[in-house]
Amino acid sequence: MNSVILRAGARLLALLLVIFSIYMLLRGHNAPGGGFIGGLIAATGFVVFAIACGTEDARRALRFDPGSIAGAGLGIALLAGIIAAIFGDNFFTGQWLFINETEDDKGIPLSTVLVFDIGVYLVVLGAVLSITFALEESV
Amino acid sequence: MSWFLSLPLIIPFLTAIAAYLLRHSASGKWVSVAGSALGLVASIALMAIVLDKGVVAAQMGQWAAPFGITLVADLLSAVMVLITAITGFAVAIYAMGDVTEAQERLGYHGLFQVLLAGVTGAFLTGDLFNLYVWFEVMLIASFGLLVLMGGKEQLDGGVKYVALNLISTIFFLTGIGLLYGLTGTLNFADLALKVEEIENQGLLTVVAMMFMVAFGVKAAVFPLFFWLPAAYHTPSFSVSAIFAGLLTKVGVYALIRCFTLVFDHDIAFTHTILLWVACLTMVVGVLGAAAQSDFRKILSFHIISQIGYMILGLALMTPLAIVGAVFYLVHHIIVKANLFLIAGVAKRLTGGTEVYQIGGLYKYAPFLGVLFLVPAFSLAGFPPLSGFWAKYIIVKATLDIEMWFVAFIALAVGLMTIYSMTKIWAEAFWKNHPDGIEPRMEKLSNKWAQLLPIAGLAVLTVFIGMNPEPFVQFAERSAAQLLDPSDYITAVLGDAQ
């Protein structure tokens with residue numbers, strides 16, 4: 001599709017969607033959101049970009065091959081499960097680290113659950129994009 | 001300790017990721033082989049633990065038993081995981097000489113390892129919904145493998161395969177939903193306790209039938225088998241070998257697990273249906289094979305007929321019959337995967353799989369002929385190979401409870417199996433090639449990669465056949481665990497307290 005308005009708008013929209021997807025990813029532990037939804041939203045951003053500017057530009061904007069992103073995401077998710085071994089827990093037991101913890105405040109919680117969600121985010125992003133790019137290119 | 005249960009799953013996933021990221025380099029296949037070797041070590045370790053300690057269970061994420069996901073390994077699970085690793089290792093080596101570079105670039109090795117992980121997960125899980133998830137992992141990976149670099153024929157087979165498997169999935173999910181509504185749990189061990197308290201036993205039987213259909217499609221039993229011969233002869237040979245060896249057996253395993261542990265409330269009804277299904281599966285499979293002339297199609301129909309024997313073992317539900325079913329499962333995976341691998345070599349040497357249009361293998365590649373005879377005779381049930389003992393136990397079990405007719409069918413089907421194997425032997429091996437081609441071994445680009453796994457599996461077949469005693473004893477212990485699931489239940493739920 002060759003339209004100046006769409007191309008100009010798509011750049012902005014793609015940026016907004018990717019930022020919003022990261023927000024969704026990070027709030028996911030206690031509120032609606034998470035890696036899966038975040039990944040889908042980010043993928044939507046790149047799909048909008050691909051429709052407006054072509055998949056070649058979209059692939060360049062993504063920098064990495066979508067299949068490899070999905071593979072790396074799977075690796076990160078798996079790593080989040082394996083970390084539990086260091087602490088002698090079962091596979092996929094969540095490990096938590098509270099920064100600046102006080103008596104009545106938990107501080108900033110960091111966990112392997114978030115690492116797992118980041119992995120899911122990348123798997124969904126990579127998988128959806130490799131499918132849509134392939135479809136877009138064969139049309 | 002719990003990590004011994006997780007490792008057979010973690011290793012193939014890690015291997016898959018590494019192999020996928022290395023798909024453009026030549027080292028991808030070596031990663032696959034190394035990962036499969038590691039997986040084999042992990043599954044041997046698991047087997048050693050289960051032999052030593054009995055049923056072991058681990059709660060993933062440390063969520064207590066009926067709520068979280070449990071991994072359980074009893075003897076049946078452990079032996080299935082082990083045999084999956086053995087077959088996976090053999091096929092990973094074979095793939096070095098079989099899979100093209102173009103297929104590798106599309107991620108063949110990654111998908112293959114994900115498939116192994118899916119199969120292993122299905123054997124290890126102690127949770128019905130998790131079993132569904134592993135089925136999906138398997139389905140996605142196997143669909144990818146089916147259509148990889150394929151043309152029209154592969155897509156045709158792939159679409160049939162996926163469509164029918166999705167129907168099975170719908171039955172499976174509906175059954176899971178109903179069962180959860182009835183009992184409020186999906187953990188196998190917890191289900192085994194809760195189903196006894198259900199008042200509406202009629203509805204439970206309906207749910208049982210839904211699972212029978214769902215797993216029946218996966219296991220390719222009569223009358224739900226038709227996706228199998230439509231799909232298994234199309235992909236590359238290493239893919240069809242791993243499919244033939246493992247995928248249907250996951251369905252059989254799920255049937256055995258569910259219909260010994262959960263749905264044993266109305267054996268007179270459910271297991272009678274299984275009995276008829278088993279007999280018809282045996283007969284239809286072997287008759288279907290007789291009508292085929294494609295190497296892999298003949299073998300595909302024989303998968304179906306052999307599945308019948310395993311289901312027969314489950315249907316009879318006597319200790320000896322379950323022993324037979326377990327023994328049969330193990331023997332069949334080795335033999336069938338091996339026959340498909342041989343078909344691949346035969347295709348490479350002679351240029352085809354239509355047995356009437358090829359030939360000359362015995363004259364120019366006699367070693368392959370010997371390697372073919374081992375699994376072929378084993379499949380037909382010749383003593384002293386593994387198939388003889390498997391059939392012997394099943395037939396003995398039917399005779400013990402005086403089911404003469406069923407015993408007759410089992411024996412007759414065995415006889416007709418010989419017919420198909422002789423057809424392959426006479427056409428592909430014995431007669432000269434109609435086009436005058438000399439199928440010499442030198443034609444193989446990577447000869448040892450293809451022949452070593454075949455020889456290894458053949459040696460295993462002979463070894464089981466010559467030494468049946470420890471294997472039968474193992475199957476007896478495994479059958480005892482299946483028929484008296486109290487160990488299984490305490491291993492899973494006991495950890496929670």
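Going by the annotation in an unreviewed UniProt entry, the name recorded for chain B is Multisubunit sodium/proton antiporter, MrpD subunit, with Yoonia litorea given as the source organism. In UniProt, chain B has this text filed under Sequence similarities (unreviewed entry): "Belongs to the CPA3 antiporters (TC 2.A.63) subunit D family."

In the nomenclature of an unreviewed UniProt entry, chain A corresponds to Multisubunit sodium/proton antiporter, MrpB subunit from the organism Yoonia litorea. Regarding chain A, the UniProt comment filed under Subcellular location (unreviewed entry) reads as follows: "Cell membrane". Regarding chain A, the relevant UniProt record gives this comment under Sequence similarities (unreviewed entry): "Belongs to the CPA3 antiporters (TC 2.A.63) subunit B family."

## A look at the overall build of chain A
Per the secondary structure count, chain A includes 5 helices and 2 strands. Each helix and strand of chain A, placed in order from N terminus to C terminus, yields the pattern α-α-α-α-β-β-α. Reported as C-alpha extents along the three principal axes, the dimensions of chain A are approximately 60 × 30 × 20 Å. Across the 139 residues that make up chain A, the buried fraction comes to 37%. Pairs at least 24 residues apart make up 60% of the contacts formed inside chain A by residues separated by at least 6 positions. Accessible area for chain A stands at about 8000 Å²; split by element, carbon and sulfur atoms hold 69% of it.

## Brief notes about the overall build of chain B
Looking only at helices and strands, one finds 21 helices and 2 strands in chain B. Taking 23 Å as the expected radius of gyration for a compact globule of 497 residues, we find that chain B reaches 21 Å, a close match to that expectation. Here the C-alpha coordinates of chain B stretch approximately 70 × 55 × 40 Å along the principal axes. Every one of the 497 residues in chain B was classed for burial, and the buried ones make up 65%. Contacts in chain B between residues far apart in sequence, at least 24 positions, make up 82% of those at least 6 positions apart. Counting every atom, chain B has about 17100 Å² of accessible surface; 69% of that belongs to carbon and sulfur. Positive and negative side-chain charges of chain B, numbering 24 and 28 respectively, have mean locations separated by a distance of 14 Å.

## Points about the UniProt feature "domain: Na+/H+ antiporter MnhB subunit-related protein" (unreviewed entry) in chain A
Those places that UniProt annotates as "domain: Na+/H+ antiporter MnhB subunit-related protein" (unreviewed entry) correspond, in this numbering, to residues 5–129 of chain A. Within residues 5–129 of chain A, the helical portion is 68% and the strand portion 6%, while the C-alpha atoms at the span's ends are 24 Å from each other.

## Here we look at the UniProt feature "transmembrane region" (unreviewed entry) in chain A
The feature "transmembrane region" (unreviewed entry), as annotated in UniProt, sits at residues 12–29, 35–55, 67–88 and 108–135 of chain A in this numbering. Between the end C-alpha atoms of residues 12–29 of chain A the distance is 28 Å, and the span holds 89% helix and 0% strand.

## Let's talk about the nonpolar core
Residues and elements named next belong to chain B. L128, F172, F263, L368, F372 and I424 are the most contacted members of the largest nonpolar core, which has 200 residues in total. At 20 residues, helix α14 (residues 319–350) tops the list of elements feeding residues into this core. Once you skip the residues sitting within four places of it in the chain, L368 turns out to touch I342, V345, A346, L349, L361, F429, M441 and L451.

## Structural notes on the layout of surface pockets
By rolling a water-sized probe across the atoms, one finds the places where empty space is left. Residues and elements named next belong to chain B. Here the second largest pocket is characterised by a volume of approximately 400 Å³. Lining of the second largest pocket is provided by 18 residues; of these, M47, V79, L82, V330 and F471 occupy positions nearest its centre. Secondary structure elements with two or more residues in the lining of the second largest pocket: α2 (28–53), α3 (75–98), α14, α19 (447–466) and α20 (468–483). Looking at the lining of the second largest pocket element by element, the count peaks at 5 residues for α14. Across the lining of the second largest pocket, the residue classes break down as 17 nonpolar, 1 polar and no charged.

## Notes on the environment of L14(B)
Mapped onto the elements of the fold, L14(B) is located in helix α1 (residues 3–21). Overall, the relative accessible area of 40% leaves L14(B) in the partly exposed class. Distance in space between the C-alpha atoms of L14(B) and A449(B) is 23 Å, their sequence separation being 435 residues. Those residues in contact with L14(B), other than ones at most four positions away along the chain, are L78(A) and I82(A).

## Points about a negative patch on the surface
All names here are of chain A. A cluster of acidic residues, E101, E103, D104 and D105, forms a negative patch on the protein surface. Positionally, D104 belongs in the loop between β1 (96–99) and β2 (108–111). A residue is classified by how much of its surface remains accessible, and D104, at 75% relative accessible area, is exposed.

## Quick notes on the interface of chain A and chain B
Contacts between chain A and chain B engage 16 residues on the former and 15 residues on the latter. Across the chain A to chain B interface the summed buried area is about 1300 Å²; carbon plus sulfur atoms make up 68%. For the chain A face of the interface with chain B, the top three residues by lost area are L78(A), N90(A) and F91(A), together amounting to 44%. If you look at where chain A meets chain B, you find 1 salt bridge. Across the salt bridge formed by R23(B) and D65(A), the nearest N and O atoms sit 2.4 Å from each other. Put simply, chain A and chain B have 5 residue pairs in polar contact (both at pLDDT 80 or more) between them. Across the side of chain A that touches chain B, the residue classes break down as 7 nonpolar, 7 polar and 2 charged.

Reading guide: rules and limits
- Residues numbered from 1 in each chain as written.
- Chains lettered and ligands numbered in written order.
- Predicted model: local features only at pLDDT ≥ 70, side-chain atom pairs only at ≥ 80, totals over all residues.
- Heavy atoms only, no water.
- UniProt positions renumbered as here; feature names shortened; annotations may be inferred.
- Helix = DSSP H or I, 4+ residues; strand = E, 2+ residues; numbered from the N terminus.
- Buried < 20%, exposed > 50% of the residue type's maximum accessible area, 1.4 Å probe, protein only.
- Contact = heavy atoms within 4.5 Å.
- Areas by Shrake-Rupley, 256 points an atom, 1.4 Å probe, with all protein chains shown as cover.
- Rg over C-alpha atoms; globule rule 2.2 N^0.38 Å.
- Lys, Arg positive; Asp, Glu negative; His and termini not counted.
- Charge placed at Lys NZ, Arg CZ, Asp CG, Glu CD.
- Core = buried A, V, L, I, M, F, W, Y, C linked by side-chain atoms within 4.5 Å.
- 1 Å grid on protein atoms, 1.4 Å probe; cavity = no way out; pocket = protein on both sides within 12 Å on 5 of 7 lines; lining within 4 Å.
- Points joined across faces, edges and corners; volume = space filled by probe spheres on them.
- Nonpolar A, V, L, I, M, F, W, Y, C, P; charged D, E, K, R; others polar.
- Patch = residues over 30% accessible without salt bridge, like charges linked within 9 Å, V, L, I, M, F, W, Y side chains within 5 Å.
- Salt bridge = Lys/Arg side-chain N within 4 Å of Asp/Glu carboxyl O.
- Buried area = accessible area lost by both parts, 1.4 Å probe.
- Polar contact = N/O pair within 3.5 Å; in protein donor to acceptor, adjacent residues only side chain to side chain.

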